[in-house]
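# Observations on chain architecture
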Amino acid sequence: MSFGTMDVYLNEIENNLQSILYNEEEDQENETWKMYMERKSIVLEFLHSDLNLHLLKRHHKRIELLKKCSYYIEILPKHLALGDQNHLMLPTTMFQLIDPWRFQRMKKVGTVQTKIQLLLLTDLLEQLEQGREELVHFLETYDMVTFLARWDLVKQKLSNLSEQMDNFLAMLVPGKLHVKHRLVSDVGATKIPHIRLVLSTKMPVMFDRKESVAHEDWVSLRWFFTSPQSQPEQYELRFKLLEPRTQQERMQSGIMPVTSNTCEIRNLLSDRSYRFAVKRAETYTLVYEQWRDSITLKTKPHLDEDMESPVGEP
């Protein structure tokens, strides 16, 4: 074989090797890009499903609503679920079997548990929002090489946020109270019932802003509740004159028990502002209630008799 033929042969081998290496590098780049897009889509799917902004805003509203709710202890037989209306048929002797002092202790436990639960919900939601911002930052600032190099960190972040979301959703519903002591006193030969304590919520009572109106010396108030009522309830209505001018005007205030969702208050001063507040009346099983709705209404000015009579003609 001549030197010229040998050079041609070697050049062909070199070109083939370069072509093979180029193809291998291209295939590797394609595989890397495919992996990058697959992993990036995992993050995007998580952001669009579990951590989308609309869902987080709904959770914000849900927490604000829970902070306004009333929380109660419910005593249930172990075979009944929370919300089962059959527990309303329990005999009244159930409370007679429970030691009052121990029950008061459990109410304090329920109060603490409710406060902690509301604080944890707020904290968890803040962590979820911060985690969302971090994931968005990863997508917007990391190039392909950096994203893949830090994938283990991103994957761990996704796992932590998923666990936090599960915990958050589980805590949205009040659960079982942790009972450390027997609530039922020693009843001798009487069979001790199998009971459990759970926390339940009632939606807040809120004024109907359209139906609550002020007249010259009286007001008509109406309030509503978003959850259905299983039985009639009692309410506590407070009213107070704002900016009283005399000692006698300071007496323009009071607390009224109400058995329906409407009330009229009369003998008020005309052209003055009053603040009204309503909540459920306190019951034996109430453990936590921090919020009450309030509304400010101004009575209409008093019309003098001269103004009411027709004007005489000259």
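Rules behind the numbers
- Per-chain numbering applies: the sequence of each chain, read as written, is numbered from 1 onward.
- Whole-chain, interface and lining totals are the exception, using all residues; otherwise, since this is a predicted model, local features are given only for residues with pLDDT of at least 70 and side-chain atom pairs are given and counted only at 80 or more.
- Side-chain numbers come from the whole structure's heavy atoms, not from hydrogens or water.
- Two strands pair under a simple rule: DSSP has to find at least two bridges between them.
- Starting at the N terminus, helices and strands are each numbered in turn, a helix being any DSSP run of H or I of at least four residues and a strand any DSSP run of E of at least two.
- Axis geometry follows a simple rule: fit a line to the C-alpha atoms, using only the stretch in contact for helices, then measure angles between N-to-C directions, giving values from 0 to 180 degrees.
- Burial status follows relative accessibility: with a 1.4 Å probe on protein chains alone, a residue under 20% of its type maximum counts as buried, one over 50% as exposed, and anything between as partly exposed.
- Classification of ring pairs rests on two measures: the distance between centres of Phe, Tyr or Trp rings, Trp counted by its six-membered ring, which must be within 6.5 Å, and the angle between planes, read as stacked under 30 degrees, edge-to-face over 60 and tilted in between.
- By definition here, charges over rings are those cases where NZ of Lys or CZ of Arg is within 6 Å of the ring centre and within 35 degrees of the ring normal.
- As used in this structure description, the phrase polar contact means that two N or O atoms lie within 3.5 Å; if the pair is within protein, one of them must be able to donate a hydrogen and the other to accept it, and residues adjacent in sequence are counted only when both atoms belong to side chains.
- The contact criterion used throughout is that any non-hydrogen atoms of two residues lie within 4.5 Å.
- We define a salt bridge as a contact between a side-chain nitrogen of Lys or Arg and a carboxyl oxygen of Asp or Glu at a distance within 4 Å.
- For patch building, the residue pool is restricted to those with more than 30% relative accessible area and no salt bridge; the joining distance is 9 Å between like charges and 5 Å between nonpolar side chains (Val, Leu, Ile, Met, Phe, Trp, Tyr).
- Each accessible area value is a Shrake-Rupley result obtained with a 1.4 Å probe; residue values ignore everything except the protein chains displayed when judging cover.
- Any angle that is under 35 degrees is reported as roughly parallel, and any over 145 degrees as roughly antiparallel; angles of 65 to 115 degrees are reported as roughly perpendicular and all others as oblique.
- Crossing chirality is assigned from the near helix's rotation relative to the far helix, an anticlockwise turn below a right angle marking it left-handed and a clockwise turn marking it right-handed.
- Expected helix span is given by 1.5 Å per residue-to-residue step, counting one fewer step than there are residues.
- In this description, one arc is meant: the one made by directions from the helix axis to the C-beta atoms.
- Put simply, buried Ala, Val, Leu, Ile, Met, Phe, Trp, Tyr and Cys residues joined by side-chain atoms within 4.5 Å make one nonpolar core.
- Domain delimitation in this document rests on an assignment produced automatically or drawn from a domain database.

Turning to the sheet that holds strand β7 (residues 253-258), a few remarks are in order. Here we have 4 strands laid out as an open sheet, ordered β7-β6-β9-β11, and antiparallel in their pairing. Each having just a single partner strand, β7 and β11 (293-298) make up the two edges of the open sheet. The sheet shows a mean angle of 20° between the axes of neighbouring strands, taken without regard to direction. Two strands pair when backbone bridges link them, and strand β6 (residues 235-241) and β7 are joined in this way by 6 bridges, in the antiparallel orientation. Within the sheet, the bridge partner assigned to Lys240 lies in β7 and is Ser253.

Let us now look at the pairing of strand β8 (residues 262-265). Side chains of β8 alternate between two faces, with Cys263 and Ile265 buried and Thr262 and Glu264 left unburied. Where strand β5 (residues 219-225) lies against β8, 4 bridges are found, and the strand directions are antiparallel. In the strand pairing of β8, Arg222 is matched with Thr262.

Turning next to the packing of aromatic side chains. Enumeration over the complete set of coordinates arrives at 10 aromatic pairs. Their ring planes at 45° and their centres at 5.8 Å tell us that Phe147 and Trp151 sit as a pair that is tilted. Each member of the pair, Phe147 as well as Trp151, carries the same accessibility label: buried. Put simply, the rings of Trp33, Tyr36, Phe147 and Trp151 touch in pairs and so form one group of aromatic residues. Across the ring face of Tyr284, the terminal group of Lys107 is positioned such that the distance to the ring centre comes to 5.4 Å.

Turning to its location among the elements, Thr114 is positioned in helix α4 (residues 100-141). Separated by 2.8 Å, the side chain of Thr114 and the backbone oxygen of Gly110 make a polar contact. Those residues within four positions of Thr114 in sequence are excluded, and the remaining contacts are Tyr71, Leu199, Val287 and Tyr288.

On to the pattern of salt bridges, then. Two side chains with opposite charge may pair up if their charged atoms get near one another. This model, assessed by the stated rule, comprises 11 salt bridges. Ionic pairing is found between Lys202 and Glu233, a salt bridge with its closest N-O pair at 2.8 Å. On the criterion of sequence distance, the pair formed by Lys202 in strand β2 (residues 195-202) and Glu233 in the loop between β5 and β6 is long-range, its members being 31 residues apart. Judged by relative accessible area, which is 30%, Lys202 ranks as partly exposed. Residue classification places Glu233 among the buried positions, given a relative accessible area of 13%. Close ionic contact of Glu264 with Arg266 constitutes a salt bridge, the shortest N to O distance being 3.1 Å. Three or more residues joined by partner-sharing salt bridges are found here, namely Lys202, Glu233 and Arg280.

With that settled, consider a nonpolar patch on the surface. Where nonpolar side chains cluster on the molecular surface, the patch consists of Val112, Ile116 and Leu120 and spans about 250 Å² of accessible area. Along the chain, the position of Leu120 falls in helix α4. On the accessibility criterion, Leu120 (39% relative accessible area) is partly exposed.

Looking now at the packing of α4 against helix α6 (residues 151-171). Where α4 contacts α6, the axes come no closer than 10 Å and their chain directions differ by 150°. By the angle between their axes, α4 is roughly antiparallel relative to α6. You can see that α4 and α6 cross each other, and the crossing is left-handed. Seen from α4, the contacting residues are Gln117, Leu120, Leu121, Leu124, Leu125, Gln127, Leu128, Gly131, Glu134, Leu135 and Phe138; seen from α6, they are Val154, Lys157, Leu158, Leu161, Gln164, Met165, Asn167, Phe168 and Met171.

Looking now at α6. Between its first and last C-alpha, α6 extends 30 Å over 21 residues, near the 30 Å set by a 1.5 Å rise per residue. Those residues of α6 that fall on the buried side of the exposure criterion are Trp151, Val154, Leu158, Leu161, Gln164, Met165, Phe168 and Met171. All buried residues of α6 project into a common sector of 165° when viewed along the axis, lining one side. Along α6, the residues that are exposed and aim more than 90 degrees away from the buried face are Asp152 and Ala170.

On to the nonpolar core, then. Counting 39 residues, the largest nonpolar core has Val43, Leu51, Ile73, Leu135, Phe147 and Phe168 as the members making the most contacts within it. Where this core is concerned, the elements lending two or more residues are α1 (3-49), α2 (53-68), β1 (70-77), α4, α5 (144-149), α6, β2 and β10 (286-288). With 10 residues, the single largest contributor to this core is α4. Mapped onto the domain boundaries, this core takes at least three residues apiece from domain 1 (23-81 + 88-171) and domain 2 (203-298). If we ignore the near neighbours within four places in the chain, the residues touching Phe168 are His59, Ile63, Leu121, Leu124, Leu125 and Leu128. Judged by nonpolar contacts, the second largest core, of 20 residues, contains Val219, Leu241, Ile265 and Ile295.

Function cannot be inferred from these measures alone, as they are strictly geometric.
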